[in-house]
Amino acid sequence: MSNQDMPKAYDFSTVEPKWYKYWEENNLFRAETVRDKPAFSIVIPPPNVTGSLHMGHALNNTLQDILCRYKRLKGYNVLWMPGMDHAGIATQNVVERNLAAEGLDRHQLGREGFIERVWEWRHEYGGKILNQLKRLGSSCDWSRERFTMDEGLSKAVRKVFVELYEEGLIYRGDYIINWCPRCRTALADLEVDHHTQEGNLYHLRYPFKNGQGHVVIATTRPETMLGDTAVAVNPEDPRFQTLGDEELVLPLVGRSLKIIRDSYVDTEFGTGVLKVTPAHDANDFVIGERHGLDSIVIMDEDGRMNAEAGSYQGLDRFEARKKIVADLEAQGFLEKIEPYQHSVGHCYRCKTMIEPILSKQWFVKVEPLAKAAADAVRSGETRIVPKMWEKTYFDWMDNIRDWCVSRQIWWGHRIPAWYCRECGEIVVSMEDPDQCPRCQGELVRETDVLDTWFSSALWPFSTMGWPDQAPELDIFYPTSVLVTGFDILFFWVARMMMMGIHFMHDVPFKDVYIHALVRDAEGQKMSKSKGNVIDPLTIMDQYGTDAFRFTLAAFAAQGRDVLMSEERVEGYRHFVNKVWNAARFALMNLQDMDSGVAVAPEDRTSADKWILSRASKVSDQVSVALDEYRFNDAAATLYHFVWHEFCDWYLEEAKLTLYGKYRPESRPATQKTLRDVLSAVLKMLHPFMPYVTEEIWSLLPGTEGSVMQGGYPRMEDWNDDQVEAEMGLLMETVSAVRNIRGEMQIPPSREIQLRFFSNDSDSLNKLETQGAYISELCRASDILWEGSGDRPRKAASAVCQNVEVFIPLEGLIDFDFEKKRLKKEIDKTGKELGYANKKLSNEDFLTRAPEHVVDKEREKAKELEIRLKKLETNYERIVAMSS
RNA sequence: AGGCGCGUAGCUCAGGGGGAGAGCGCUACCCUGACACGGUAGAAGUCAAGGGUUCAAAUCCCUUCGCGCCUACCA
């Protein structure tokens, strides 16, 4: 393919589709179970089977892909383990909705039938997100794709459950849990979202049994009074010191209530009297335990009142509230209702208001696991990046509560526990038991399934074949890094730490890189309900995957949220196009290149040596940035280098040699330089923009295979500070002349004369050897290298380091304007000099500041002084001219 | 209620003790044989406010104000 086939504008839509297929067909993402290369491994945060790609996924997976592609270039044996999560409640909800559309519900199908339907759904519609990840360019090893409900992972889950049970770290008990009446399941504390909302504080009168008055209690949930088994006051509260052992009568119910003393009661809140409902409030439950109170559950799993609620049985909890309040009022037990704002828990899946209910659930005793997990971070075995998240992690680990792992749904890992009908024995085992080992009685299996996060907690080792012996475990565990958002730090990261350490005796990852959340341009969290969601697929359709990925990387600064806006993506689309056109230029000029030709250092022009030196430094900087997860730095470094050094300066200079205008004999060396630097650029950019770099690579002469093969560019030999300084002066000079041209409104077509003066013959000589560049880049027809001597009288001037340049342009220069321009320069230089001198005259600065800082300041002052003198001389000359 | 983070150019953000930066936008000139998704040049900031530490503070510490987030059992 020649440049004639390369369109002027990069068209991602024709380029992108072919390459992903090529990569997959050539197994370029395949991890090997060999040990002759260093290993680098990442497990993907498994997306939900129900999920579709959103901005969070796009950021998360782009960053992982950048690391994986970068490490592959660096010669690592890379495993990026992909897979999906069965997402218990979410998936069950989706399938139940589909059933509802057919007029069915899951109970009509029965457990087996329903689960079958879920599997059908999973195979037919689930996991479309994986194709979206491919669209994004994710270089996962798809041959190893796993699912949290597949056979191997189910085995791992069962083994972990059984072992923890045998170790006494899993138990079953009555506990107050968060109940979602819509999902009809228990939820872990973490699965409850609290938001403040408007409610009422109801003040109720509870009369004394002896008929002598009443106490007033305050509650936000009056319907729970039906389950009250005591009333509590603070033992320190002076208002209740005279209270004896009188009992109260619970209104509407007639039950006798003791008055207990408990320091939990806040004397400041409400009336200082607390109704105690152990079965429906987490705090009351604790108080009930302390005082040996009865617990009366008054609701069923739908949130309707049960038989314990007497005449209210069958009413929904909110209807019951209305009716109870009305009845209390009618009977004179309602003192007042005041509006009250309070925080109420909602199901994180379906947003239904949760109800705390006492019930029998399975728990993991996590304190010992959490302690080990915290210690592993404290000791540095696992590093959390950025470090600020460590504190959050420790706070949670140190105050952790037991983890309720049973869920009353059907889709998930069914708990491997059996109950004996005869003797009540509980059997937990790897193999399904036939009969009770104690009394040979009939066993029934637990109907609950495990929390989805139970299986994802095992992800780093279950995906690699555990509990079987698998070479992957030896080679790739612990994984190198986990890339994730902080929103699942507790749900997932913390639990993987606990399980990994406990079962693998080693941390699951060496680094945890926590990236930002993606928000919209206003800083709002993107959510469907707010309607501010930007769909990554739409963005990719419009701007191309490479531009999108580069945008994500460029704005993924540590500890900051990413505000996504389309303008930015558009900006980086321009960058992709710039890269494309730089390649187009290169290909036009490399047609006749002899790849085999030997190039000696002296064959190269200064510009060649300069760009090689710059590329060398940039490759180091990008490397260091990526090693430290500073994706935005890496992206910015590349952007600046490619656009503002390679394109703006090098290509312009290379044109002279390539077109035979300057050192035509260096053409082969410049061709080789151009090719080599472009090739290095493609490799460095490849992790960020895989598609366009692969396309250009395939067109570039002298390349073979994929851009991701053959290693990261090694260019340390090209480092050359001297040539960089030389080119620095050239660029400064050219910019100074262009500045004058611009400010003086000298038309670009107008050629000018330049006259250089300097008492430093070395600098002048070096510039002179590059006179051709200067004349081309400044559009100067005539350059005089004068060293010392009389400065031209009618000319604009500039000072660049130790060189002065004059542009004699009688008739074109507005001398008043030149006067103003020079004055501005003089003021600026004078100000800087004053500042430097002030520092240098400060005795404390001279004695206390480090020597190199003082030296630098002295040097600066000296340079500024010389510069100022020259500027002033030139200024006076102009003044003399115009008077 | 505690904890964390953030206030830097018109916008979006880097930087994080010794010369205020980038992208976009804006202004002027230019379709020069890679690119107008482009080129050259330019204007633009009391680095939220106040105090402290230091020879030196946008940067470290404290306070205040504004914004965001996380955690929590005030009925």
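In this report, the structure presented in the accompanying data block is examined.

1. Let's talk about the sheet that holds strand S26 (residues 752–757)
Each strand in a sheet pairs with another by means of backbone hydrogen bonds, the pair being arranged parallel or else antiparallel.
And then number 1: With mixed pairing, the 4 strands of this open sheet are ordered in space as S27-S26-S29-S28. The open sheet has two edge strands with one neighbour each: strand S27 (780–787) and strand S28 (795–800). The mean angle between the axes of side-by-side strands here comes to 20 degrees, regardless of whether they run parallel or antiparallel.
And then number 2: When S26 meets strand S29 (residues 803–808), the two strands line up antiparallel, connected through 3 bridges. Across the sheet, residue Arg755 finds its bridge partner in S29, namely Phe806.
And then number 3: Against the sheet, helix H22 (residues 721–743) contacts S26, S28 and S29, and its axis sits at roughly 150 degrees relative to S28.
And then number 4: Running over the sheet, helix H23 (residues 761–769) touches S26, S27 and S29 and is turned about 160 degrees from S27.

2. Brief notes about helix H7 (residues 282–291)
And then number 1: Within the span of H7, buried status applies to Asp284, Phe285, Ile287 and Gly288. Considered in projection along H7, the buried side chains sweep an arc of 165 degrees and stay on one side of the axis. Turned more than 90 degrees off the buried face of H7, the exposed positions are Glu289 and Arg290.
And then number 2: Turning to H7, the residues buried within the fold contact strand S5 (170–180), strand S11 (256–261), strand S12 (273–276) and strand S14 (355–364).
And then number 3: Of the residues flanking the start of H7, the one acting as N-cap is Asp281, its side-chain oxygen 2.9 Å from the backbone nitrogen of Asn283.
And then number 4: Gly292 lies just past H7 and shows a positive phi near 65 degrees.

3. A word on the environment of Pro687
And then number 1: Take Pro687: it is sitting in the loop between helix H20 (667–685) and helix H21 (690–699).
And then number 2: Remark: the alpha-carbon pair of Pro687 and Leu63, spanning 624 residues in sequence, is separated by 9.2 Å.
And then number 3: Discounting residues that sit within four places of it in the chain, Pro687 has contacts with Ile66, Arg69, Tyr70, Leu73 and Arg549.

4. Details of helix H16 (residues 545–554)
And then number 1: Of all 10 residues in H16, 10 are buried; the element is thus mostly enclosed.
And then number 2: Listed in full, the buried residues belonging to H16 are Thr545, Asp546, Ala547, Phe548, Arg549, Phe550, Thr551, Leu552, Ala553 and Ala554.

5. Quick look at the pattern of salt bridges
And then number 1: Applying the stated criterion across every chain, the model contains 67 salt bridges.
And then number 2: Linking Asp65 and Arg549 is a salt bridge whose minimum nitrogen-to-oxygen distance equals 2.8 Å. Placement of the pair is Asp65 in helix H2 (residues 55–73) and Arg549 in helix H16, with a sequence separation of 484 residues. Like Arg549, Asp65 is buried.
And then number 3: Here Arg221 makes a salt bridge to Asp281, at a shortest N to O gap of 3.6 Å. Of this pair, Arg221 sits in the loop between strand S8 (214–219) and strand S9 (230–233) while Asp281 sits in the loop between S12 and H7; the two residues are 60 residues apart in sequence, bridging distant segments of the chain.
And then number 4: On the basis of relative accessibility, which here comes to 17%, the residue Arg221 falls in the buried class.
And then number 5: Connected through shared salt-bridge partners, Arg614, Lys617, Glu645, Asp721 and Glu724 make up one network.

6. Quick word on the packing of helix H1 (residues 12–25) against H21
And then number 1: Contact pair H1 / H21: the axes reach a minimum separation of 9 Å and the direction vectors enclose 85 degrees. Between H1 and H21, the angle falls in the class roughly perpendicular. On H21, the residues touching Val15, Glu16, Lys18, Trp19, Tyr20, Tyr22 and Trp23 of H1 are Pro690, Tyr691, Glu694, Glu695 and Ser698.
And then number 2: In the contact of H1 with H21, the residues fall into 7 nonpolar, 1 polar and 4 charged.

7. Here's the deal with the nonpolar core
And then number 1: In terms of nonpolar packing, the biggest core is built from 215 residues, with Tyr393, Phe454, Met499, Phe646, Phe688 and Leu754 touching the most fellow members.
And then number 2: Top contributing element to this core by residue count: helix H19 (residues 631–658), with 15 residues.
And then number 3: Membership of the second largest hydrophobic core comes to 35 residues, among which are Trp179, Leu204, Leu250 and Ala309.

8. Quick look at unusual backbone geometry
And then number 1: A cis amide bond links Val385 to the next residue, Pro386, at an omega of -5 degrees.
And then number 2: As for its position among the elements, Pro386 is in the loop between strand S15 (383–385) and helix H10 (388–398).
And then number 3: With an omega dihedral of 0 degrees, the bond running from Tyr477 to Pro478 counts as a cis peptide bond.
And then number 4: Mapped onto the fold, Pro478 is located in the loop between helix H13 (471–476) and strand S22 (479–485).
And then number 5: Phi at Ala87 takes a positive value of approximately 50 degrees, unusual for a residue other than glycine.
And then number 6: The backbone of Gln745 sits at a positive phi, close to 60 degrees, despite the residue not being glycine.
And then number 7: Counting through the fold element by element, Gln745 comes out in the loop between H22 and S26.

9. Concerning the packing of H19 against H20
And then number 1: Close contact between H19 and H20 brings their axes to 11 Å; oriented N to C, the two are set at 165 degrees. One element, H19, and the other, H20, form an angle in the roughly antiparallel class. The handedness of the crossing between H19 and H20 comes out as left-handed. Mapping the contact onto sequence places Leu638, Phe641, Val642, Phe646, Tyr650, Leu651, Ala654, Thr657 and Leu658 in H19 and Arg667, Thr670, Gln671, Thr673, Leu674, Val677, Leu678, Val681, Met684 and Leu685 in H20.
And then number 2: Class assignment for the residues of the contact of H19 with H20 results in 14 nonpolar, 4 polar and 1 charged.

10. Brief notes about the pairing of S14
And then number 1: Most of S14 sits inside the fold, with 9 of its 10 residues counted as buried.
And then number 2: Taken together, the 10 bridges between S5 and S14 define a ladder with antiparallel strand orientation. Paired with Ile177 across the two strands is Ile357, which belongs to S14.
And then number 3: Looking at chain direction, S14 and strand S16 (residues 403–404) are connected through 2 bridges and run antiparallel. Looking at the pairing, Val364 lines up with Trp403 of S16.

Criteria and thresholds
Residues numbered from 1 in each chain as written. Chains lettered and ligands numbered in written order. Predicted model: local features only at pLDDT ≥ 70, side-chain atom pairs only at ≥ 80, totals over all residues. Heavy atoms only, no water. Pairing = 2+ DSSP bridges. Helix = DSSP H or I, 4+ residues; strand = E, 2+ residues; numbered from the N terminus. Axes fitted to C-alpha atoms, helices over the stretch in contact; angles between N-to-C directions. Contact = heavy atoms within 4.5 Å. Buried < 20%, exposed > 50% of the residue type's maximum accessible area, 1.4 Å probe, protein only. Arc of directions from axis to C-beta. Polar contact = N/O pair within 3.5 Å; in protein donor to acceptor, adjacent residues only side chain to side chain. Salt bridge = Lys/Arg side-chain N within 4 Å of Asp/Glu carboxyl O. Parallel < 35°, antiparallel > 145°, perpendicular 65-115°, else oblique. Nonpolar A, V, L, I, M, F, W, Y, C, P; charged D, E, K, R; others polar. Core = buried A, V, L, I, M, F, W, Y, C linked by side-chain atoms within 4.5 Å. Left-handed = near helix turned anticlockwise from the far one by under 90°.

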